[in-house]
Amino acid sequence: MKTTPVRKLLTLIAAIVSVNAFADDHEGGSTIISKAEVSATLQQGLERLAEGRTISDIVMRHIDVGEENLGVSVVQRSKKEVGDIETGIAHPTMDEIYYIVSGEGTMVTGGEFVDMKSSNSALLGPMERGEVLGVVLQKVEPGDIAIIPKGMPHGWHEITTDTISYIIFRGDPDKVMDIKSGI
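Rules of the game
Residues numbered from 1 in each chain as written. Predicted model: local features only at pLDDT ≥ 70, side-chain atom pairs only at ≥ 80, totals over all residues. Heavy atoms only, no water. Helix = DSSP H or I, 4+ residues; strand = E, 2+ residues; numbered from the N terminus. Buried < 20%, exposed > 50% of the residue type's maximum accessible area, 1.4 Å probe, protein only. Lys, Arg positive; Asp, Glu negative; His and termini not counted. Salt bridge = Lys/Arg side-chain N within 4 Å of Asp/Glu carboxyl O. Polar contact = N/O pair within 3.5 Å; in protein donor to acceptor, adjacent residues only side chain to side chain. Contact = heavy atoms within 4.5 Å. Pairing = 2+ DSSP bridges.

Novice: Explain the side chain of Glu-86 here, please?
Specialist: For Glu-86, the position within the fold is in the loop between β2 (69–80) and β3 (87–90). It is Lys-80 that comes nearest to the buried, bridge-free Glu-86 among opposite-charge side chains, at 5.7 Å. Engagement of the side chain of Glu-86 in a polar contact is seen with the side chain of His-157, the distance being 2.5 Å. Filtering out sequence-adjacent residues up to four positions away, Glu-86 remains in contact with Val-108, Gly-130, Glu-131, Val-132, Val-135, Leu-137 and His-157.

Novice: I tried to follow the environment of Ile-89 on my own but got confused; where do I start?
Specialist: For Ile-89, the position within the fold is in strand β3. Between the C-alpha atom of Ile-89 and that of Pro-153, which follows or precedes it by 64 residues, the distance is 5.2 Å. Excluding residues that lie within four positions of it along the chain, Ile-89 makes contacts with Phe-113, Met-127, Glu-128, Arg-129, Met-152, Pro-153 and His-154.

Novice: What exactly am I supposed to notice about the pairing of β2 here?
Specialist: Within a regular beta strand, the side chains point alternately toward one face of the sheet and then the other, so they alternate between its two faces. Taken together, the 9 bridges between strand β1 (residues 55–64) and β2 define a ladder with antiparallel strand orientation. Residue pairing in the sheet places Ile-55 in a bridge with Arg-77 of β2. Here β1 folds back onto β2 in antiparallel fashion, the turn holding 4 residues, of which Gly-66 has a positive phi close to 110°. As paired elements, β2 and strand β10 (residues 154–172) share 11 bridges and run antiparallel to each other. What sits directly across from Gly-71, in β10, is Arg-170.

None of the figures reported here should be taken as evidence of function without further support.
Written as structure tokens, this is what we have:
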């Protein structure tokens, strides 16, 4: 049976919500990230932006679930005006699912890189970046979910609010990210 993006989303969320005995936090139980911890992490990210950063990416958990790792991060970005060219990044080995918590903007997804540059991020492993042609622009708002398959260029065309906050669920089959089982 072919794995559809919706099936992947449901599988990833189910795995994160009910991780089995591989979870480090609670021997034999699931890994729970409380609402209070999510709220505190969102606040920490906003404080980072207030200090002058344009992006905050805080890994809350990244755990070994057997054949792959699964992660949850809170990401926030500052307002972004429309630029002259579309740029993006791609993760050749990781799928990502964004859940928009607050703020609004227009995402850049798809297309092809022009003069792509490859690097190895200390946080996210192999990455590609550069100008992207042939993109799809999609508006997002709180409650929206974006499923970004591995290798797909993605970025932000515009962020219309002062900040945008989203939770990223990352599937990491090659285990390129560091394990983080708790605060």
